[in-house]
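# Observations on chain architecture
Here is what each chain is made of, one letter per residue.
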Amino acid sequence: MTGHTITITRTVAAPPETVFAAWVQPERLATWWWPQLAGTTYDVDARPGGGYRIESPVIGATVSGVYSEVDPPYRLAFTWVWEADGEVAAAEPVEVSLAAVDGGTQVEVSHVCGSRAAGTDLTQGWNDVLDRLVDVVGQSTSSRS
């Protein structure tokens, strides 16, 4: 695939098991992915060959794909298909790696951008959702006794 790879890393103050669950359990995903967009739906079937779909009627956009690898609690690989404004982009590969580190879990997202020229919107989008992952999942873990 032509294009370039966006790689973004964050550290979440939670163990890998908790962070992994935040990616694959719809009710947890809803707390950090697009919680500000009312009416967003989250469907996740986290197994190889299973799919996911996150749809926001507020912005008229959907991201969906198929999992090629699900290795709890350390790795997810899936396709990324963006649908907006009546257009459906080509599937792009995404890998999410989780590693235990002092203070929690290092999350690394690598997204191969194929059809879009610069990937600026993707970079901003991944930064936004990963910042919320850090805030929501890290905060909910640190507040537990």
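In case you missed it, the structure is sitting above this.
One structure accompanies this document, and this report is about it.

About the cut-offs
The residue count restarts for each chain, going from 1 along the sequence in the order it is written. Under the rules for a predicted model, residues below a pLDDT of 70 receive no local features and side-chain atom pairs below 80 are neither given nor counted, while totals for whole chains, interfaces and linings still include all residues. For side-chain calculations, the full set of non-hydrogen atoms in the structure is used, while hydrogens and water are omitted. Buried residues are those whose accessible area, probed at 1.4 Å on protein chains only, stays under 20% of the maximum for their type, while exposed residues exceed 50% and partly exposed ones sit between those limits. Helix and strand definitions follow DSSP, with helices as H or I runs of at least four residues and strands as E runs of at least two, each counted in order from the N terminus. Strands were regarded as paired on the criterion that DSSP finds at least two bridges between them. By convention in these notes, a salt bridge is any Lys or Arg side-chain nitrogen within 4 Å of a carboxyl oxygen on Asp or Glu. Any two rings among Phe, Tyr and Trp, with Trp reduced to its six-membered ring, count as a pair given centres within 6.5 Å; such a pair is stacked if its planes are under 30 degrees apart, edge-to-face if over 60, and tilted if neither. For the purposes of these results, a polar contact is taken to be a pair of N or O atoms within 3.5 Å, where, inside protein, one atom must be able to donate a hydrogen and its partner to accept one; residues adjacent in sequence count only when each atom of the pair is a side-chain atom. Contacts: residue pairs with any heavy atoms within 4.5 Å of one another.

## As for the pairing of strand E3 (residues 51-56)
Across a regular strand the side chains alternate sides, sitting on one face of the sheet and then on the other. By the alternation rule, side chains of E3 split into Tyr52, Ile54 and Ser56, which are all buried, and Gly51, Arg53 and Glu55, of which none is buried. Across four bridges, the pairing between strand E2 (residues 41-44) and E3 is antiparallel. By the bridge assignment for E3, Val44 is matched with Tyr52. Here E2 hands over to E3 after six residues, with Gly49 in that stretch at a positive phi of 90 degrees.

## A look at the pattern of salt bridges
For the coordinates displayed, the defined rule picks out six salt bridges. The residue Asp45 makes a salt bridge to Arg47 at a minimum N-O spacing of 3.0 Å. With its nearest N and O atoms 3.5 Å apart, the salt bridge here joins Arg53 to Glu55. According to the relative accessible area criterion, Arg53 is partly exposed, its value standing at 28%. One network of salt bridges, with partners in common, ties together Arg53, Glu55 and Glu83.

## Brief notes about the packing of aromatic side chains
According to the stated counting rule, one finds 13 aromatic pairs in the structure shown. Relative to Trp32, the ring of Trp23 has its centre 5.0 Å away and its plane inclined at 70 degrees; by these criteria the two rings are edge-to-face. Here the two residues Trp23 and Trp32 agree in accessibility, since each one is buried.

## A look at the side chain of Arg10
Inspection of the secondary structure puts Arg10 in strand E1 (residues 4-12). For Arg10, a relative accessible area of 18% gives the class buried. Looking at Arg10, its side chain comes within polar contact range of the side chain of Asp131, at 2.8 Å. Arg10 has contacts with Thr105, Gln106, Val107, Asn127, Leu130, Asp131 and Val134, leaving out every residue within four places of it along the chain.

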